Amino acid sequence: MTVNPDIDDTLISIRWIQISFFIATVFFNICLITQVLTVGLAYFYNSDWWNIHIWLVRGYSILSLILLVWVFLIPFPPRVQSLTASIPVLLGLQFLTIHLKTSFPLAIFHPLIGFSLLSISTTLVHRISHILFPNDNQDNIH
């Protein structure tokens, strides 16, 4: 039997890249959760939190584009790719609903899109975690 160490090294390298992607998606999800908390603090406690809310979205929005490129450079299932691709689209809609001034108040969709964004981001984290760290004992749970 011939063992090719180059193949093993490649698989290990891909796995670490996937784990790094997972860490980045967890960080993105934490940023979203923090943003929801800061908007709540700004509305219910102290309006100074609004600046942090805005600063956060400007800071982590670029991460969504990095994740978008990253997910298509490494092997992930189509579902993970589509979840990742929807994040920058939803962020774009978030910006539009706040900044476009029309006769119909598009801003009413801003919280709904934000909820969808958080839901998709959390689903993405869970989906990747199940891919990278499958639970072999899952069938034994009653």
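Residues numbered from 1 in each chain as written. Predicted model: local features only at pLDDT ≥ 70, side-chain atom pairs only at ≥ 80, totals over all residues. Heavy atoms only, no water.

Engineer: Please set out the packing of aromatic side chains residue by residue, giving values where relevant.
Structural biologist: Working definition: an aromatic ring pair is given by the centre-to-centre distance plus the angle between the planes. The full count for this structure, using the stated rule, is six aromatic pairs. Judged by centre distance (5.4 Å) and plane angle (85°), the ring pair of F21 and W70 falls under edge-to-face. Placement of F21 in helix α1 (residues 5-44) and of W70 in helix α2 (residues 49-73) is noted, with a sequence separation of 49 residues between them. The class for W70 is partly exposed, based on a relative accessible area of 21%. One aromatic cluster in this structure is built from F21, W70 and F76. (Phe/Tyr/Trp six-rings, centres within 6.5 Å; stacked < 30°, edge-to-face > 60°. Helix = DSSP H or I, 4+ residues; strand = E, 2+ residues; numbered from the N terminus. Buried < 20%, exposed > 50% of the residue type's maximum accessible area, 1.4 Å probe, protein only.)

Engineer: Explain the packing of helix α3 (residues 78-99) against helix α4 (residues 110-132) to me, using residue names and the numbers behind them.
Structural biologist: The interhelical angle for the contact between α3 and α4, taken along N-to-C directions, is 160°, at an axis separation of 9 Å. Regarding the angle of α3 to α4, the classification is roughly antiparallel. The way α3 lies across α4 gives a crossing that is left-handed. Listed contacts from α4 to R79, V80, L83, T84, S86, I87, L90, L91, L93, Q94, T97 and I98 of α3 are H110, I113, G114, S116, L117, I120, S121, T123, L124, R127, I128 and I131. (Axes fitted to C-alpha atoms, helices over the stretch in contact; angles between N-to-C directions. Parallel < 35°, antiparallel > 145°, perpendicular 65-115°, else oblique. Left-handed = near helix turned anticlockwise from the far one by under 90°. Contact = heavy atoms within 4.5 Å.)

Engineer: I'd like to hear about the packing of α2 against α3, residue by residue, with values.
Structural biologist: Two elements in contact, α2 and α3, have axes separated by 9 Å at closest approach and are oriented at 150°. Between α2 and α3, the interaxial angle falls into the category roughly antiparallel. Between α2 and α3 the crossing geometry is left-handed. Within the contact between the two elements, α2 uses V57, Y60, S61, S64, L65, L67, L68, V71 and F72 and α3 uses V80, Q81, T84, A85, I87, P88, L91 and F95. Considered class by class, the residues forming the contact of α2 with α3 number 13 nonpolar, four polar and no charged. (Nonpolar A, V, L, I, M, F, W, Y, C, P; charged D, E, K, R; others polar.)

Engineer: Quick rundown of the confidence of the model for the chain? Include the residues and the values.
Structural biologist: Per-residue confidence for the chain gives a mean pLDDT of 89, with 87% of residues at or over 70. For the chain, the element scoring lowest by mean pLDDT is α1, at 87; α4 scores highest, at 96. (pLDDT = per-residue confidence, 0-100.)

Engineer: An account of the nonpolar core is needed here, citing residue identities and associated values.
Structural biologist: F21, F28, Y60, F76, V80, L91 and I128 are the most contacted members of the largest nonpolar core, which has 26 residues in total. At the level of elements, α1, α2, α3 and α4 are the ones that each hand at least two residues to this core. The dominant element in this core, judged by the number of residues it contributes, is α1, at seven residues. (Core = buried A, V, L, I, M, F, W, Y, C linked by side-chain atoms within 4.5 Å.)

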